[in-house]
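Notes for the structure review
Residues per chain, in single letters:
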Amino acid sequence: SQVCCSGNICILPISVLRANYQLTAASPIAALIRTRISLGAETLQTLSQLPTRRTTQQQHQQQTTIMSGMNAPERSASFRLDEDNGERKIEYHTDTKVTNAGTFRFNKEDHTVGNLLRFQLLRDPAVRFAGYQHPHPLVHYINLKIQTNTSTVSPAEVLSNAMEDLGGETDHLTTAFQSAVEKFRKENDAL
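These notes cover the structure that comes with them. (Residues numbered from 1 in each chain as written. Predicted model: local features only at pLDDT ≥ 70, side-chain atom pairs only at ≥ 80, totals over all residues. Heavy atoms only, no water.)

**Some thoughts on the overall build of the chain**
Applicable threshold: Starting at the N terminus, helices and strands are each numbered in turn, a helix being any DSSP run of H or I of at least four residues and a strand any DSSP run of E of at least two. The contact criterion used is simple: two residues touch if any of their non-hydrogen atoms lie within 4.5 Å. Using a 1.4 Å probe, the Shrake-Rupley method yields the accessible areas, and only the shown protein chains count as cover for residues.
Within the chain, the secondary structure is distributed over five helices and six strands. For the chain, the sequential pattern of α-helices and β-strands runs β-β-α-α-α-β-β-α-β-β-α. For the chain, long-range pairs separated by at least 24 residues make up 48% of all intrachain contacts whose partners lie at least 6 apart in sequence. When the accessible surface of the chain is split by element, carbon and sulfur atoms take 54% of a total near 14,300 Å².

Okay, here's the thing in structure tokens:
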């Protein structure tokens, strides 16, 4: 009875399992163990065929191959919209329980955009409530809930205004940074 281990995979001969666990060939547990043992043997055989020294690029390719065989989403699934299935960037749902409120779902976004929009919305005096939720780190969307003070201003309008204001602040930040870089270069080129 020989035990063969590689990493966290151990292969036991079926005779050892039968002796220790009184398994019959007809039992469903024995069938499950046979399946797992054969899968473990294939994995071990694959591991033994790999070269011992690999370059960083080969390691990356192997890791990508292993990841593609796993039950893991593609890495681009966290930021690229699935347009083939009709995924949209922003979806809006009106709130049926609270007046003047709605929930925006931003697909492929996280805390960065959620916190920026929440902060900008709370600056607006027409907004009564603004908050966002990122349900889980493996889920790539945020829910932004907005409630306005009056029915004359809709949540979509205040969100649009907040996005325009953020765009203006970003443009101002970009021009201020570029002028500071130019000033720094002029001062240091003179030395």
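There's more to say after this.
**Things to note about the nonpolar core**
This is how the line gets drawn: What makes a nonpolar core is a set of buried Ala, Val, Leu, Ile, Met, Phe, Trp, Tyr and Cys residues whose side-chain atoms join them at distances within 4.5 Å. For every residue, the accessible area obtained with a 1.4 Å probe (protein chains only) is divided by the maximum for its type, and the residue is called buried under 20%, exposed over 50%, and partly exposed between those limits.
Residues Phe104, Phe106, Leu117, Leu121, Leu144, Ile146 and Leu159 are the most contacted members of the largest nonpolar core, which totals 13 residues. Of all the elements, helix H5 (residues 155-189) adds the most residues to this core, at four residues. Dropping the residues within four chain positions of it, Ile146 is found in contact with Asn100, Ala101, Gly102, Phe104, Leu121, Phe129, Pro155, Val158 and Leu159.

**A closer look at the sheet that holds strand E6 (residues 141-148)**
Under the convention used in this document: Pairing between two strands requires that DSSP report at least two bridges joining them. Between the N-to-C directions of two axes lies an angle of 0 to 180 degrees, each axis being a line fitted to C-alpha atoms and, for a helix, fitted only over the stretch in contact.
Taken together, the four strands give an open sheet; going across it, the order is E3-E4-E6-E5, and neighbouring strands pair in antiparallel fashion. A strand with exactly one partner marks an edge of an open sheet, and here the two such strands are strand E3 (90-94) and strand E5 (127-133). Each strand of the sheet is rotated relative to its neighbour by a mean of 20 degrees, with strand direction disregarded. Note that E3 and strand E4 (residues 101-107) share five bridges and pair antiparallel. If you follow Tyr92 over to E4, its bridge partner there is Phe104.

**Looking at H5**
Going by this rule: Any helix carries an expected span of 1.5 Å times its number of residues minus one.
If you check H5, its first and last C-alpha atoms are 51 Å apart, about what 35 residues at 1.5 Å a residue would give, namely 51 Å. When we look at burial in H5, the residues that qualify are Pro155, Val158, Leu159, Ala162 and Leu166. The inward-facing, buried residues of H5 abut E3, E4, helix H4 (111-123), E5 and E6.

**Overview of the side chain of Lys108**
Note the threshold: Definition of a polar contact: a pair of N or O atoms within 3.5 Å, with one able to donate and the other able to accept a hydrogen when the atoms are protein atoms, and with sequence-neighbouring residues admitted only if both atoms are side-chain atoms.
Note that Lys108 resides in the loop between E4 and H4. In terms of polar contacts, Lys108 uses its side chain to reach the backbone carbonyl oxygen of Ala77, at 2.8 Å. The residues touching Lys108, leaving out its near neighbours within four places in the chain, are Ala77, Ser78, Phe79, Arg80, Leu81, Glu87, Lys89, His140 and Tyr141.

**Examining the pattern of salt bridges**
To be explicit about the condition: The term salt bridge refers to a pairing of a side-chain nitrogen on Lys or Arg with a carboxyl oxygen on Asp or Glu at a separation within 4 Å.
Overall, the coordinates contain four salt bridges when judged by the stated rule. Of the charged contacts, one joins Lys145 and Asp95 as a salt bridge, the two residues approaching to 2.3 Å between their closest N and O atoms. Note that Lys145 is positioned in strand E6 and Asp95 in the loop between E3 and E4, a separation of 50 residues in sequence. On the basis of relative accessibility, which here comes to 29%, the residue Lys145 falls in the partly exposed class.

**So, unusual backbone geometry**
One non-glycine residue with positive phi stands out, namely Asn100, at about 60 degrees. Relative to the elements of secondary structure, Asn100 occurs in the loop between E3 and E4. Residue classification places Asn100 among the partly exposed positions, given a relative accessible area of 24%. In this structure, Lys108 takes a positive phi of about 65 degrees despite not being glycine.

**Comments concerning the pairing of E4**
Burial analysis of E4 places five of its seven residues in the buried class, which makes it a mostly covered element. The pairing of E4 with E6 spans seven bridges and is antiparallel. In the strand pairing of E6, Ala101 is matched with Gln147.

**Some thoughts on the packing of aromatic side chains**
Heads up, the condition is: Side-chain rings of Phe, Tyr and Trp (the six-membered ring for Trp) are treated as a pair once their centres are within 6.5 Å; stacked means planes under 30 degrees apart, edge-to-face means over 60, and tilted covers the remaining angles. Two conditions define a charge located above a ring, namely a distance within 6 Å from the ring centre to NZ of Lys or CZ of Arg, and an angle within 35 degrees of the ring normal.
Per the counting criterion, the structure on display carries one aromatic pair. Ring geometry for Tyr92 against Phe104: centres 4.6 Å apart, planes inclined by 40 degrees, an arrangement best described as tilted. Taken together, the residues span a long stretch of sequence, with Tyr92 in strand E3 and Phe104 in strand E4 at a distance of twelve residues. Positioned above the aromatic ring of Tyr141, the side-chain terminus of Arg105 is 3.7 Å from the ring centre.

Worth remembering: the numbers are spatial, not functional.
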